Structures are given as C-alpha cells and as structure tokens.
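So you can see what is in the structure, the chains are spelled out below.
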Amino acid sequence: MQRLPVNAAGGMAVLDARADGWTTLTAALPQDIARRVSTLQAIAGVVGVVQHSAEGRPVAVMVGQRRPAAAMMRIVLFWTAPSFFPADTARVLETLEKEAFSHGVLCLRADEDIAGLVGARSWQGRDGFREHWIGGRPDRRPEAAPPLYPQSIGFTCGPSALAMAIAGLDPATQPDRALEIELWREATTIIGPTGPGGCDPYGLALAAHRRGLRVEVFMSSEQPIFLDRASTDERRGLMEFVQTGFKREAGLVGIPLRPRAFAIDELRQALDRGFLALVLIDQAPMMGYTCPHWILVHGHGEGVYFINDPWIEPDRLEQPADVLDLPVAGAMLDRMAWYGTPAYRAAVLVGAGRRIG
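As a starting point, this report considers the structure included with it. (Residues numbered from 1 in each chain as written. Predicted model: local features only at pLDDT ≥ 70, side-chain atom pairs only at ≥ 80, totals over all residues. Heavy atoms only, no water.)

## Side note on the pattern of salt bridges
Okay, step 1: Summed over the entire model, instances satisfying the criterion amount to 20 salt bridges.
Okay, step 2: In this structure, Glu 182 engages Arg 211 in a salt bridge whose closest nitrogen and oxygen atoms are separated by 2.5 Å. Taken as a pair, Glu 182 in helix H6 (residues 177-187) and Arg 211 in the loop between helix H7 (201-210) and strand E8 (214-219) lie far apart in primary sequence, 29 residues in all.
Okay, step 3: The residue Arg 260 makes a salt bridge to Glu 266 at a minimum N-O spacing of 2.6 Å.
Okay, step 4: The class for Arg 260 is partly exposed, based on a relative accessible area of 38%. (Salt bridge = Lys/Arg side-chain N within 4 Å of Asp/Glu carboxyl O. Helix = DSSP H or I, 4+ residues; strand = E, 2+ residues; numbered from the N terminus. Buried < 20%, exposed > 50% of the residue type's maximum accessible area, 1.4 Å probe, protein only.)

## A short note on unusual backbone geometry
If a residue is not glycine, its phi is most likely negative; likewise, a peptide bond is most likely trans.
Okay, step 1: Going from Thr 341 to Pro 342, the amide bond is cis rather than trans, its omega being -5 degrees.
Okay, step 2: Along the chain, Pro 342 falls in the loop between helix H11 (330-336) and strand E14 (346-351).
Okay, step 3: The phi dihedral of Glu 302 falls on the positive side, at around 55 degrees, and the residue is not glycine.
Okay, step 4: Turning to its location among the elements, Glu 302 is positioned in the loop between strand E11 (292-301) and strand E12 (304-308).
Okay, step 5: Backbone geometry places Leu 317, a non-glycine residue, at a positive phi of 55 degrees.

## Some details on the packing of H6 against H7
Okay, step 1: Packing of H6 against H7 brings their axes to within 8 Å, and their N-to-C directions diverge by 120 degrees. Between H6 and H7, the crossing angle belongs to the class labelled oblique. As for the relative orientation of H6 and H7, their crossing is right-handed in sense. Listed contacts from H7 to Leu 183, Glu 186 and Ala 187 of H6 are Gly 203, Leu 204, Ala 207 and Arg 210. (Axes fitted to C-alpha atoms, helices over the stretch in contact; angles between N-to-C directions. Parallel < 35°, antiparallel > 145°, perpendicular 65-115°, else oblique. Left-handed = near helix turned anticlockwise from the far one by under 90°. Contact = heavy atoms within 4.5 Å.)

## Structural notes on the sheet that holds strand E5 (residues 107-111)
Okay, step 1: The strand order across the open sheet built from seven strands is E1-E2-E3-E4-E5-E7-E6, with neighbouring strands paired in mixed fashion. Sheet topology places strand E1 (12-16) and strand E6 (124-125) at the edges, where each strand pairs with a single neighbour.
Okay, step 2: Pairing of strand E3 (residues 58-65) with strand E4 (residues 72-80) involves six bridges; the strand directions are antiparallel. Across the sheet, Gly 64 pairs through a bridge with Ile 75, a residue of E4.
Okay, step 3: Across the face of the sheet, helix H3 (residues 89-102) comes into contact with E1, strand E2 (46-52), E3, E4, E5 and strand E7 (129-133) while running at roughly 145 degrees to E2. (Pairing = 2+ DSSP bridges.)

## A word on helix H9 (residues 264-272)
Okay, step 1: Residues of H9 that are buried include every one of Ile 264, Leu 267, Ala 270 and Leu 271, and no others. One side of H9 holds all its buried residues, which, seen down the axis, span an arc of 110 degrees.
Okay, step 2: Those residues of H9 that are buried are in contact with strand E10 (276-282), E11, E12, H11 and E14.
Okay, step 3: Count one or two residues on from H9 and you reach Gly 274, which has phi positive near 95 degrees. (Arc of directions from axis to C-beta.)

## Here we look at the sheet that holds E11
Okay, step 1: One open sheet holds the seven strands; their spatial order is E9-E8-E14-E10-E11-E12-E13, and the pairing between them is mixed. With one partner strand each, in any of the chains shown, strand E9 (257-258) and strand E13 (326-329) form the two edges of the open sheet.
Okay, step 2: When E8 meets E9, the two strands line up parallel, connected through two bridges. Bridged to Val 217 within E9 is Leu 257.
Okay, step 3: Docked against the sheet, H7 engages E8, E9, E10, E11 and E14, running at close to 175 degrees with respect to E8.

## Focus: the packing of helix H5 (residues 157-169) against H6
Okay, step 1: The contact between H5 and H6 brings their axes to 8 Å, and the two run at 120 degrees. Here H6 runs oblique to H5, going by the angle between their axes. The two elements H5 and H6 meet at a crossing, and its hand is right-handed. Taking contact as the criterion, the partners of Pro 159, Ser 160, Leu 162, Ala 163 and Ile 166 in H5 are, on H6, Leu 179, Glu 180, Leu 183 and Trp 184.
Okay, step 2: Tallied by class, residues from the contact of H5 with H6 come to seven nonpolar, one polar and one charged. (Nonpolar A, V, L, I, M, F, W, Y, C, P; charged D, E, K, R; others polar.)

Printed below as a string of structure tokens:
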C-alpha cells in the first residue's frame, strides 16, 4: 500500500508504541493525562501524534490504537493544553490519518465525545461511534452489519459468531447468552487444557442446520483438529470421537462438506450468494498469541472484508467499536485464516433457509 508522507514540521511529532519519546512526553503532561498515555503506550498498535509549542512543550496529543491486523484505527485520546489553537486540530488529525494510512489503516473511528473534540461531526455516524474512511469508503453491498454479540466466556467464540450470523439473517432474532450457551452445548468438541473448550466446524454446521439454515462446510484437514488443545491422550481420544461423530452426522443430513482449503475469493463469492461465513483464524496476527478463534465474515468491498469479532480484548481497553464491522484487508484475512501444524483451514457458510428459529 502507498505510504503517504507525514509532515513532521511545525512542531509535529509522531510516536509509535516503541518510540523513545513517550517518557519525555508523559513527563510534560498533567498527571492524569500522563497516566492515561502511559497505559495506552503499553498496548500494541498504538500511534501518538504530538504538537509542540515554539518552546518545545506539548500542546496537543492524539493517540490512536488498532489491532495490528485490522484496517481500522480508533482515536482513543485527544488532549489539548489551554494554549492550543483549536484551528490546528485538523492538522493534528491529518497527521494521524497519514501515519495510520502508511501502516495499512483505511478507516478511523472515535466515540461521540472524542469525535466532538476533534471536529469529526462530518464523519459517518454508527452505533455509538463515528467513522471516517481515508480516501473513501469501499463500494460494498448495502447490507447492515449483523448485530454484535461479544462472547461471554473464553471458549464460546464459535457459538457467538453463529448467534450473530443467525441474527444477521433474521432481524427478529436478538443474540443473547441463552442462545450462545445453547449453541455451545450442541456444537462443542474441544476439551481445553484447563476446562471446557470450543467448537469445531461440523458441530457448528449441525447447530445451524437444526435451525433451518442453509449450511456448507470447508474443512481442509481430513483428520480431527484442535487436538493440540488437549493435555492427555484420554482427552484427545474423546475429542476425536465427538468430532468424528459430528462429521458423520453432517454428511448424513446432507450438509455439503468440501474437503479442501477455501480461497479467499470463494468467501467473496459466498457472501455475494447471500451467505455469511464463520471463519477459523489464528489469533496471532490480531493479538500476538497463537489460539484458534472463530470470527464472522459478513461483507466485502474492493478487496476489504468486514467482520464481527466476538472477542473484545480487555487488556487493550477495547470497545465494541473495535470489533463491529471491522475492516480487514483480503490479504491479511488470507494470512489469518490458517491454524495448526500442519496448517489447516475451516469455514462454515450459513445462509437463510425456509425457516429460522
């Protein structure tokens, strides 16, 4: 992606999360703001823009944070000193925008309060936040994003993603914990290292099928998966038994099973056919640690895919704006959508059927 030049003149400085200037900056800020900036600086994917006075003192600080794999950055802090000229706000925002774009960010978001401070009233209003596309919003089908439902516990990403898909296909459905846990009880196949675990593609497909939805499954591994999540042979054996049963039942009820890795372009085609896609990813590009995770891919446009991620990371101080209708470049989704050693790929396509409920 083209890198736009960042103007560092006029007392403007740009700091990434590893820059040495954060310590000097926080020492010059009011104590409460310094604490907030220090907390944010420890989060991966943070960028700070600082405008200094002629005397070298910070008069404005704007901080954006993103998941490293996402094409969106949220403005999480905007502070100004009494001596700051409000007319310079646009220049601070433009500097953050250019720096973000140089790192693959296509979209900026901010909550309503910060949007008001940075003069972002012209941005598109969303559910509880505002949004601005750098260079224009991708041309996409005019569908609404399925309602966000964050998973209520660490091992229910698959059921939460499926609950969002059901609600996206049937607006009368509101995903809640009762549906999340009901789906998990039907679809779980994994025994986690320290307790209950998550769901495999066949179990999720069967849960969707039972609710009258059209379902297709891509699964590139012919062997049971997620066995690395079990700590004993006994647990691995149980996982193999459950998963083999799910796969057999899925075939018996007529769910199309495609025993190969899907291409990202096939997700685009499925979305155009009215499907939503539960896609298995490795959390490493997003979060920095390896873990299997289900997300919901629900839209696309101009090489960008839009996802609802059921996981909101508390250690990164994330909000729903960080995971709802989140844009991800197609090349990055292609990279994320592999898991395991040797790597395999899984997706469950879900579409409206004759009945939902």
